[in-house]
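Chain and residue survey
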Amino acid sequence: MTLTANWSYPTAIKFGAGRIAELPAACAQAGITRPLLVTDKGLAGLPVTAGALDILEAAGLGRAMFSEVDPNPNEINLAAGVAAYQAGGHDGVIAFGGGSGLDLGKMVAFMAGQTRPIWDYEDIGDWWTRANADAIAPIIAVPTTAGTGSEVGRASVITNSVTHAKKIIFHPKVLPTVVICDPELTVGMPKFITAGTGLDAFAHCVEAFSSPHYHPMSQGIALEGMRLVIDYLPRAYADGTDIEARAQMMSAAAMGATAFQKGLGAIHAMSHPVGAYFNTHHGTTNAVCMPAVLDLNADVIRDRFDRATGYLGLKGGYDGFRAFVQDFNDSLGIPRGLRDLGVTETAIPDLVAGALTDPSCGGNPVPLTETNLTALFKAAF
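A closer look at unusual backbone geometry
With an omega of 0°, the peptide bond running from Tyr9 to Pro10 counts as cis. Here the phi dihedral of His164 falls at roughly 65°; this positive angle occurs in a residue that is not glycine. With respect to the helices and strands, His164 occurs in the loop between strand E7 (155-159) and strand E8 (166-170). You will see that Asn279, though not glycine, has its phi angle at about 55°, which is positive. Note on Asn279: relative accessible area 46%, which makes it partly exposed.

This is how it looks when you write it as structure tokens:
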């Protein structure tokens, strides 16, 4: 099978090895003539980023870059990015990298023409209608990891540097106009990033599949996304140059973020405050939290996983799946507890308070209360 295709769900996606060469054509499609490439500090000096800038420069599109992006991007990073965008007279953003670069790049394009504070556009009710939609700049997304799926999302997660709360900022026009998914860009990922980002995609699929909301299209995408991670993440982890495995994981990442239209749950409600307070890697934190959340939700999700495990190549129904998850984490070098990520037990009350206000709470099969969230953090500790 040739793993190259053009997709239009949920946006225009150019998928395949080597397709970063089509970045100038993507700019033309989006109407961008002076792009600002937004990426994170870690990627800024790497050959994969220099290569993308070379392609832009050769096409007469300049080589402007903003890279003051923290692993959990905040409003300070955003203000600096907007200032760079405006100072350079740019007319669009190339969001380049993992979740942090993608999320902040999308928000630079969103906020460059707005007049209200970023927090006024949080994903609450119809707050997104407060934005001037005509002032949102076009976005091209280029993922260099396979996990977050932010390239196909209509929102970004931004950390409030004062309160340490992660906020989801939503607007339909934040969905990138064009996405370039080139698995060759992920070849240089180290093992721990391959594992953490891959398990982020897995968490998206597991939580979407577990969500009680009605969305059969997302349910099907989540199921196939889980299968791809189960089959191909071990291969990508073992051999980072395995392009087929890298491609399948890049597909799984986009599928997870598409599927979670159906809802997320306690895994993300827990990992968001943990990441905000302790600056942990999001996907790795998700993986650490998953076993405890599966235990909490067991009675409600058992039947659907009993049906799914045959397709996933696992035995033993829900119990087999639950056992597999811990073994899978162990095989990929994931710590057994939050304490191993630097989380302190004294912070649990604050983490519970953060989780209770997280929008992900609403998608958990078991309603989340202060009592069961406290129990979850203790179980995952």
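Read on for the rest.
Here's the deal with the packing of helix H6 (residues 191-210) against helix H11 (residues 317-331)
Where H6 contacts H11, the two axes come as close as 12 Å, and the packing angle between them is 165°. Compared by their axis directions, H6 and H11 come out roughly antiparallel. With respect to the hand of their crossing, H6 and H11 are arranged in left-handed fashion. Only Phe321, Phe324, Val325, Phe328 and Asn329 of H11 make contact with H6, whose side of the interface consists of Leu199, Phe202 and Val206. A class-by-class count of the residues in the contact of H6 with H11 yields seven nonpolar, one polar and no charged.

Remarks on the pattern of salt bridges
In the structure shown here, the tally under the stated rule is 13 salt bridges. Residue Glu244 pairs with Arg235 through a salt bridge whose shortest N-O separation is 3.0 Å. Overall, the relative accessible area of 35% leaves Glu244 in the partly exposed class. Residue Arg235 is classed as partly exposed on the basis of its relative accessible area, which comes to 32%. Asp330 is the salt-bridge partner of Arg336, the closest N and O atoms lying 2.7 Å from each other. Members of the salt-bridge network, linked through shared partners, are Asp54, Glu57 and Arg63.

Some remarks on the state of the cysteines
A complete count under the given rule lists zero disulfides for this structure. Here Cys205 stays unpaired: no disulfide links it, and the sulfur of Cys181, its closest cysteine neighbor, is 14 Å away. A residue is classified by how much of its surface remains accessible, and Cys205, at 0% relative accessible area, is buried.

Some details on the nonpolar core
In terms of nonpolar packing, the biggest core is built from 65 residues, with Phe202, Met226, Phe321 and Phe377 touching the most fellow members. When contributions to this core are tallied by element, the ones reaching two or more residues are H6, helix H7 (216-238), helix H8 (243-259), helix H9 (266-278), helix H10 (282-312), H11, helix H12 (348-356) and helix H13 (370-380). When residues in this core are grouped by element, the largest group, twelve residues, is from H10. The residues contacting Phe377, other than those within four sequence positions of it, are Met270, Pro273, Val274, Leu338, Ile348, Leu351, Val352 and Ala355. With 24 residues, the next largest nonpolar core counts Phe66, Met111, Ala131 and Val174 among its residues.

What counts and how
- Residues numbered from 1 in each chain as written.
- Predicted model: local features only at pLDDT ≥ 70, side-chain atom pairs only at ≥ 80, totals over all residues.
- Heavy atoms only, no water.
- Helix = DSSP H or I, 4+ residues; strand = E, 2+ residues; numbered from the N terminus.
- Buried < 20%, exposed > 50% of the residue type's maximum accessible area, 1.4 Å probe, protein only.
- Axes fitted to C-alpha atoms, helices over the stretch in contact; angles between N-to-C directions.
- Parallel < 35°, antiparallel > 145°, perpendicular 65-115°, else oblique.
- Left-handed = near helix turned anticlockwise from the far one by under 90°.
- Contact = heavy atoms within 4.5 Å.
- Nonpolar A, V, L, I, M, F, W, Y, C, P; charged D, E, K, R; others polar.
- Salt bridge = Lys/Arg side-chain N within 4 Å of Asp/Glu carboxyl O.
- Disulfide = S-S within 2.5 Å.
- Core = buried A, V, L, I, M, F, W, Y, C linked by side-chain atoms within 4.5 Å.

These figures come from the coordinates and say nothing about function on their own.
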